[in-house]
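What follows is each chain in one-letter form.
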Amino acid sequence: MNRSMILSLLLCHLLFPAAPSCRRVATASGSGRWTLLQNSIGITAMHMQLLNNDRVIIFDRTDFGHSNLSLPLGKCRRDAADMSLRVDCTAHSVKYDIESNTFRPLTVQTDIWCSSGSVAPDGRLVQAGGFNDGERRVRIFRPCFNTNCDWEEIENGLALRRWYATSHVLPDGSQIIVGGRREFSYEFLPKRDFSQSAYFLRFLVETFDPKTENNLYPFALLNVDGNLFIFANNRAILFDYKSSVVVRNFPEIPGGDPRNYPSTGSAVLLPLKNLRGLSVEAEVLVCGGAPRGSFFQAQTGVFVGALNTCGRIKITDPSPTWVMETMPVARVMGDMILLPNGDVLIVNGASAGTAGWQNARDPVLMPVIYRPDNPEGTRFEPQNPTTIPRMYHSSAILLRDGRVLVGGSNPNIGYTFTDVPFPTELSLEAFLPPYLDSGSSDLRPKIWWPGSHDKFGYGQLFAVRFSISGGSLDQNSISVTMVAPSFTTHSFAMSQRLLMLYWCNATAVANSTFELRVMTPGSGNLAPPGYYILFLIHQGIPGEGVWVQIQ
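Below is a short write-up of the structure. (Residues numbered from 1 in each chain as written. Predicted model: local features only at pLDDT ≥ 70, side-chain atom pairs only at ≥ 80, totals over all residues. Heavy atoms only, no water.)

Here's the deal with the pattern of salt bridges
Side-chain pairs of opposite charge can arise where the charged atoms are in close proximity.
So, point 1. Using the criterion set out here, one finds 28 salt bridges in the structure.
So, point 2. The salt bridge involving D88 is made with R77; its shortest N-O contact spans 3.5 Å. Taken together, the residues span a long stretch of sequence, with D88 in strand β5 (residues 87-88) and R77 in strand β4 (residues 77-78) at a distance of eleven residues.
So, point 3. For E153, the salt bridge goes to R137, with nearest N and O atoms at 3.0 Å. You can see E153 sitting in strand β11 (residues 152-154) and its partner R137 sitting in the loop between β9 (125-128) and β10 (138-141), a full 16 residues away along the chain.
So, point 4. Of the residues examined, E153 reaches a relative accessible area of 23% and is grouped as partly exposed.
So, point 5. When salt bridges with common partners are traced through the structure, they connect R77, D79, D82 and D88 into a single cluster. (Salt bridge = Lys/Arg side-chain N within 4 Å of Asp/Glu carboxyl O. Helix = DSSP H or I, 4+ residues; strand = E, 2+ residues; numbered from the N terminus. Buried < 20%, exposed > 50% of the residue type's maximum accessible area, 1.4 Å probe, protein only.)

Regarding the state of the cysteines
So, point 1. Tallied over the entire structure, the rule returns three disulfides.
So, point 2. Residue C76 pairs covalently with C89 via a disulfide, S to S 1.9 Å. Note on the C76 and C89 pair: the S-S dihedral is about 90°, so by sign convention the disulfide is right-handed. One end of the pair, C76, is in the loop between β3 (55-59) and β4; the other, C89, is in the loop between β5 and β6 (93-97), and 13 residues separate them in sequence.
So, point 3. Since its relative accessible area comes to 32%, C89 is described here as partly exposed.
So, point 4. Across the disulfide from C287 sits C310; the S-S distance is 2.1 Å. One disulfide, between C287 and C310, carries an S-S torsion of 115° and so falls in the right-handed class. (Disulfide = S-S within 2.5 Å.)

What to know about the sheet that holds strand β13 (residues 175-178)
So, point 1. Pairing is antiparallel across the open sheet formed by four strands, whose spatial order is β12-β13-β14-β15. Every other strand in the sheet has two partners, leaving β12 (166-169) and β15 (198-200) as the edge strands with one partner each. Here the average twist between neighbouring strands, direction ignored, is 25°.
So, point 2. In the sheet, strand β14 (residues 185-189) pairs with β15 via three bridges, with the strands oriented antiparallel. Across the sheet, Y186 pairs through a bridge with Y199, a residue of β15. (Pairing = 2+ DSSP bridges. Axes fitted to C-alpha atoms, helices over the stretch in contact; angles between N-to-C directions.)

Below, the structure written as structure tokens:
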């Protein structure tokens, strides 16, 4: 902890004694609900990223053939290397406006299938890799409000081809890209060393299964010490990417079954707490997947039941061990999304089979909320089901108003709507967690300050002014969280992160209006620079978040 942080904390205690820190209460009971936003956006939502202007960039792949959305008159994608259409005047990407519930087509020139991405500190989406002629491309999308902005592409922006790779933003704001199909290495954007722009990672060789691979889209999560937690197949390491050294080998997850593509479980870094302390703990939760051999079984028409277990491990412990828990329903290809109050939504997927073309059956329509602070055995809460199967190539992301945007599903080689078990799905819907029930409106806080896109440094104390519509404030049930929006694809939300911020007692400043002091995280190891959504939670009920920039 640096000197400025210590001074800020002392000031906070002097001004507001007896301050609770990072308190957390159970979310209001309920079962959540679903709303259909769009019957069709013309493409399937294989990849999604929320930007700081409340637009969502959505894309699928270019070699599906024609999509159901035309590009503007005169615009076409011309690609002599495309494996489906060399001239395609339909879109494979859209910009979705959350407030107006509208969308417009975007143009990508090379194949973005099974790619990765993260958001740079200035808010640009930096997207990497793909298939065929897109495998070494870097693509940029800048947040914009006009109708002319579009993708920018950088040819040979990557040192090696990256298909089924994982991206994660780092403490200095750069991006690391790990793995890819038969690429046992990692690299950085922007490049750090032009004499060696890709770096060998033996761990990816050790976890590689030549028959099923099972280590694609590895789970990469930034630890609080600045090193990278990487999980592939059924093993994990803590990796110092600066010096290419494995800091720690973690135990194999119990049961030994694979959790990465095509077995496709999901993983999340649980909320980071006690940020004012000298030692911050970090826990990882890995859920679902498919038993070893399931991929081959699916090829013969036998769909093996998915895994119903979650493994939880405290990666900052000196001798960490996995603690296994049982989900209410088995799930493969599920998405895990951090909610503003620190709970985890598990949504989408199937209960039998694996990822891949028509390799799964028995869609899981029922989301589950996992409450990490509840006693073991009481953490899972089933929610109301959707009516739309979300199978292979579906995705989900958190929105600033607390809803979760859900879309996609296309386990077909092309856009196919008839005579298949699971037709191509072009719709968008939103899941509203229980905290958005109308009965909670009197508890819901509204943030008046900071304003949208205000900038803050590390270890900085600032005021949050808010109101409670019901007028009554429970001092013992306030928490302030900061969420990094994810790039979600193939059941993994890349760079997703939630921090429970330290705060000091709220004081009344007017009728039903209050103010409290909040401290930002102390370093980029905890919160890489960039845009976050700041949420205030009262009695488990979050209000609408506001964008802030940490720099």
